Structure formats: C-alpha cells, structure tokens
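# Architecture at a glance
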Amino acid sequence: MDRIRAGSPPQLLTSRSAMEHYSLMCHLCGISMDRNYGGMTCRECGGSLYFVYQSNAFGPDRNQHSMWRYRSLLPFSQNAEVVSLGEGMTPLQKARCPSSVGIYLKNETTNPTGSQKDRALSIGISKAKELGQKTVMLYSDGSTALSSAAYAARAGLKNITVIPKGAPVSRLVPIAIYGSCILEFDGTDAEALEWAHATSMEFGIFETSTYRRANPYESEGPKTIGFEIFEQLGSVPDWIVVPVGGGGTLSGIWRAFRELQRLGITSDLPRIVGVLPQGYSVLEQALISGIRSEDEFRALCLASGPPTIQVKISMTCPPDGLETVSAIRESNGVFVYASDSAALQAVKTLGKCEGIYAEPSAAVAWTGIEQLLRQGLARDGETVVGLVTGSGFRETGVLLESIEPARISVNRKTGAGTVQKILDG
Ligand SMILES: [Zn+2]
C-alpha cells in the first residue's frame with residue numbers, strides 16, 4: 001500500500017491555547033447560544049445550528065494519530081474527556097491504475113467499526129458524556145447504528161437503536177454484541193426517523209442520528225476527513241468524490257476546505273462530486289431547480305426508490321440534502337449515478353487492484369471517479385480523491401446475493417497440477 005505522507009505537512013494553524021475557541025449559532029435568526037446549551041436546534045426559532053471558530057484557534061496536534069489532532073476546530077471544550085476508539089487518520093493511498101490524472105483513495109474502511117461514521121460518533125458520544133447524558137438513541141440499521149453502539153459501549157452509556165422492520169440479522173448481530181437495546185419500528189423510514197427524534201426529545205435522551213437537525217455536533221465529524229486529505233496530500237485536490245446517503249459527509253468535507261480558506265491556510269478549493277444510486281435523483285433535481293428552502297426540498301422527495309444493493313446510500317429524502325446541494329453548487333461540482341452492476345464492478349476492482357474490501361455503497365466512489373474521467377471533467381495533471389466510506393466486511397450479506405466465489409475442487413492427487421496451472425496462467 002502506497003501510503004502518502006506529506007514531506008512537509010502544511011501548517012494549519014498557529015499553536016495557541018484558546019478556551020473559547022468556538023461559538024454556536026442559528027443559521028435562521030443568527031443568534032448565538034451559550035456553549036453549554038444542550039439543545040440540538042435553535043432555542044428561539046428552531047433553526048439548524050452551526051459552529052463558528054475563532055480564527056486564532058490552534059492547529060493539529062501532531063502527537064495525536066487520530067482525528068482528534070484537529071480538536072481546535074471541533075466543538076468541544078479543551079478539557080472535556082474524549083471517547084475515542086482511534087478513529088480518523090485513515091490512509092490516503094495512490095491508486096495503482098495508470099492514469100494521466102492522479103487518483104487517490106481515502107480509505108475510511110480502516111475506522112474502528114469500518115466506516116467514516118466513527119468520526120461523527122466519537123464527537124457525539126463524547127458530547128453526550130460532557131453534557132452528563134446516560135442514554136443515547138437513534139434510528140439506523142447501518143453504519144451509524146454500529147458506530148453509536150460501539151462508542152456508547154466504550155463510554156458506558158446505554159444505547160437504544162431503532163431499526164426498520166425486517167432489517168437483516170447480519171447487520172444486527174454486531175449492534176447486539178456492542179450491548180445495544182434494539183427496537184424494531186413498524187412504519188416508513190421517515191416515520192421512524194421522526195419518531196426516534198420526537199421520543200428522544202420527550203425523554204431527554206441524547207440523539208445520535210448524524211444529520212444536522214438531530215445532532216449538529218456530529219455534523220462536524222466529516223470535516224476532519226477534509227483536513228486529513230489536505231494534510232496528507234500536502235495540497236487541495238482538484239476533485240473529491242463522495243458517495244451520498246444523508247449528505248452530511250459530503251457537506252462536512254466541503255466545510256473543511258471553506259474553513260481552511262477562511263483561516264488563510266489555502267485559497268484553493270476542490271470541486272465536489274456526489275455519487276448517488278441510479279434512480280435516487282432528488283438532490284440533482286433540487287440543484288437544477290435552484291431549491292434553497294427545506295420545505296421546497298421536501299416537496300421534491302418521493303416516498304420510496306427502486307431496490308438497490310447500495311443500501312447505505314439509498315435515501316429518497318436525504319436529511320442533510322439542502323446542505324449537500326449547496327456544497328455541490330458552491331464548489332461547482334456535479335452529481336453522478338452508479339448502477340448496481342457498476343457498484344459491484346467497483347467492489348471487485350477495489351478489492352483486486354487496491355486491496356480494499358469496500359461495501360457497494362462505498363465502492364461507488366470508484367464508479368464516480370470513472371465517470372469523471374469518462375466525461376472528460378477531470379483533466380490531465382489534475383488530482384482526484386475518492387472517499388471509500390465503508391468496509392465490505394459489514395455487508396458480505398448483500399454481496400452473497402450477487403457474487404459466487406469461484407472454487408476449484410482439489411485433492412492430494414490433483415492439487416499440485418492445479419497449482420501449476422495457476423502459476424503458468
Ligand atoms: Zn434561530
């Protein structure tokens with residue numbers, strides 16, 4: 001594996017202690033809230049919350065080999081206890097395929113539970129502990145569910161996972177092993193998401209769903225992916241290709257580069273590419289229609305989409321959709337689509353050529369890169385980074401329906417001849 005280490009990593013920020021390094025603001029009415037405010041939306045108008053960091057916040061702690069090296073740009077008190085399993089600082093490896101474009105893969109499968117969600121949940125569970133919460137809750141049967149259960153276990157908190165009815169047992173086993181209570185919700189995804197949110201509010205439970213209105217703290221997690229790409233590459237790539245489910249990862253990465261620009265670290269910005277499953281086009285429709293309000297966006301959403309093996313990113317109404325569309329618009333980026341056959345092919349390519357076992361929903365980063373090249377969008381000499389979001393080890397159940405591993409029958413008599421043929425081939 002060709003792991004990139006920047007020869008002289010760029011200095012992100014100056015080393016300087018700052019106790020009040022961020023403030024909490026509502027994007028609708030513009031008021032700021034006390035940093036100890038435990039709510040997830042604006043106390044005055046119910047708007048979404050964002051964080052504003054001091055321009056003199058201090059830079060990466062190079063003694064930390066995790067995403068917590070960027071603590072000065074995370075919404076977290078300097079002296080609060082961090083719940084960490086070693087998330088972040090994932091490899092950025094140069095792809096083996098020969099190309100006039102420089103292709104790199106940011107391998108998020110190496111996170112503790114196998115996906116980029118560990119970044120958000122390390123922040124979320126740490127914040128829950130800081131606020132004195134004893135129980136966390138979310139609706140998910142995917143990467144976020146796994147991550148929440150693991151980090152809650154590490155923190156000694158009770159975790160309640162609300163799952164859709166009929167969720168595959170293979171996905172539930174690790175959640176149960178992490179000690180989570182599992183509630184199977186009888187209803188649509190939208191109803192379940194709303195119920196988990198309302199129930200968390202009613203009982204004063206800390207919600208760990210990763211979209212902004214449920215938990216703005218966790219929305220800061222994906223930002224560290226952008227910081228790492230910048231630090232590992234030693235520059236801003238021309239393109240970053242990101243599989244899109246709820247949209248929080250893509251928009252978080254974009255915010256990282258805007259933050260670096262604001263801090264005067266770099267004037268360059270990447271163009272962002274969102275990869276969606278074929279048939280899930282609400283984000284592109286919103287982009288084309290120039291939608292800028294939550295109500296307008298929701299009006300475009302369909303109740304259901306076509307069946308797909310890209311289970312982690314098949315969302316008909318991405319909860320951070322509006323922010324995602326803004327990121328694509330501002331970065332002059334594009335949305336591209338992956339069919340299931342292309343996703344499967346990408347799983348095989350990443351496995352065989354790169355040594356990365358990705359789930360279909362993550363391997364489509366490769367599909368996105370191929371489309372970028374095919375459409376002539378990425379030009380000679382440019383740099384493209386693909387985000388491989390999640391490990392295939394957690395989704396072998398899905399792949400079983402599509403891949404039949406070739407097995408050659410051997411015994412003590414025929415085995416040597418078969419091996420010789422493989423060596424000759
Ligand atoms: Zn407000």
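Residues numbered from 1 in each chain as written. Predicted model: local features only at pLDDT ≥ 70, side-chain atom pairs only at ≥ 80, totals over all residues. Heavy atoms only, no water.

### What about the state of the cysteines?
One pass over the full model with this rule turns up one disulfide. Shown here is the disulfide that connects C301 with C317, its sulfur atoms set 2.1 Å apart. The sign of the 65° torsion about the S-S bond sets the C301-C317 disulfide as right-handed. Of this pair, C301 sits in the loop between helix 8 (294-300) and helix 9 (321-330) while C317 is found in the loop between helix 8 and helix 9, placing the two residues 16 residues apart along the sequence. The exposure class of C301 is buried, given its relative accessible area of 18%. (Disulfide = S-S within 2.5 Å. Helix = DSSP H or I, 4+ residues; strand = E, 2+ residues; numbered from the N terminus. Buried < 20%, exposed > 50% of the residue type's maximum accessible area, 1.4 Å probe, protein only.)

### Considering the packing of helix 1 (residues 117-130) against helix 2 (residues 143-155)
Packing of helix 1 against helix 2 leaves a shortest axis separation of 9 Å and a crossing angle of 40°. Our classification of the angle between helix 1 and helix 2 gives oblique. In this structure, helix 1 crosses over helix 2, and the sense of that crossing is right-handed. In this structure, helix 1 uses K117, D118, L121, S122, I125 and K129 to contact helix 2, whose residues at the interface are S143, T144, S147, S148, Y151, A152 and A155. Here the residues of the contact of helix 1 with helix 2 are counted per class, giving five nonpolar, five polar and three charged. (Axes fitted to C-alpha atoms, helices over the stretch in contact; angles between N-to-C directions. Parallel < 35°, antiparallel > 145°, perpendicular 65-115°, else oblique. Left-handed = near helix turned anticlockwise from the far one by under 90°. Contact = heavy atoms within 4.5 Å. Nonpolar A, V, L, I, M, F, W, Y, C, P; charged D, E, K, R; others polar.)

### Quick look at the coordination of the zinc ion
Coordination sphere of the zinc ion, protein contribution only: C26 (SG), C29 (SG), C42 (SG) and C45 (SG), at 2.2 to 2.4 Å. Coordination at the zinc ion comes from four donor atoms whose angles at the metal span 101 to 117°, giving a geometry best classed as tetrahedral. In primary-sequence terms, the residues that donate to the zinc ion follow C-x2-C-x12-C-x2-C. A residue pair is termed long-range when its members are at least 10 positions apart, and C29 in the loop between strand 1 (22-26) and strand 2 (32-33) and C42 in the loop between strand 2 and strand 3 (49-53) qualify at 13 residues. In this structure C29 comes out as partly exposed when scored by relative accessible area, which is 38%. You can call C42 buried: its relative accessible area is 4%. (Donors = N, O, S within 2.8 Å, 3.2 Å for Na, K, Ca; no water. Tetrahedral: all angles 85-135°; square planar, octahedral: opposite > 155°, others 65-115°.)

### Describing helix 1
With 14 residues, helix 1 extends 20 Å between its outermost C-alpha atoms, agreeing within 8% with the 20 Å of an ideal straight helix rising 1.5 Å per residue. Burial analysis of helix 1 places 12 of its 14 residues in the buried class, the great majority of the element. Three or more residues of helix 1 are buried, namely K117, D118, R119, A120, L121, S122, I123, G124, I125, S126, K127 and A128. On its buried side, helix 1 packs onto strand 1, strand 5 (102-107), strand 6 (135-139), helix 2, strand 9 (206-207) and helix 5 (223-233). In the stretch just after helix 1, G132 is the one whose phi turns positive, near 80°. (Expected span 1.5 Å × (residues − 1).)

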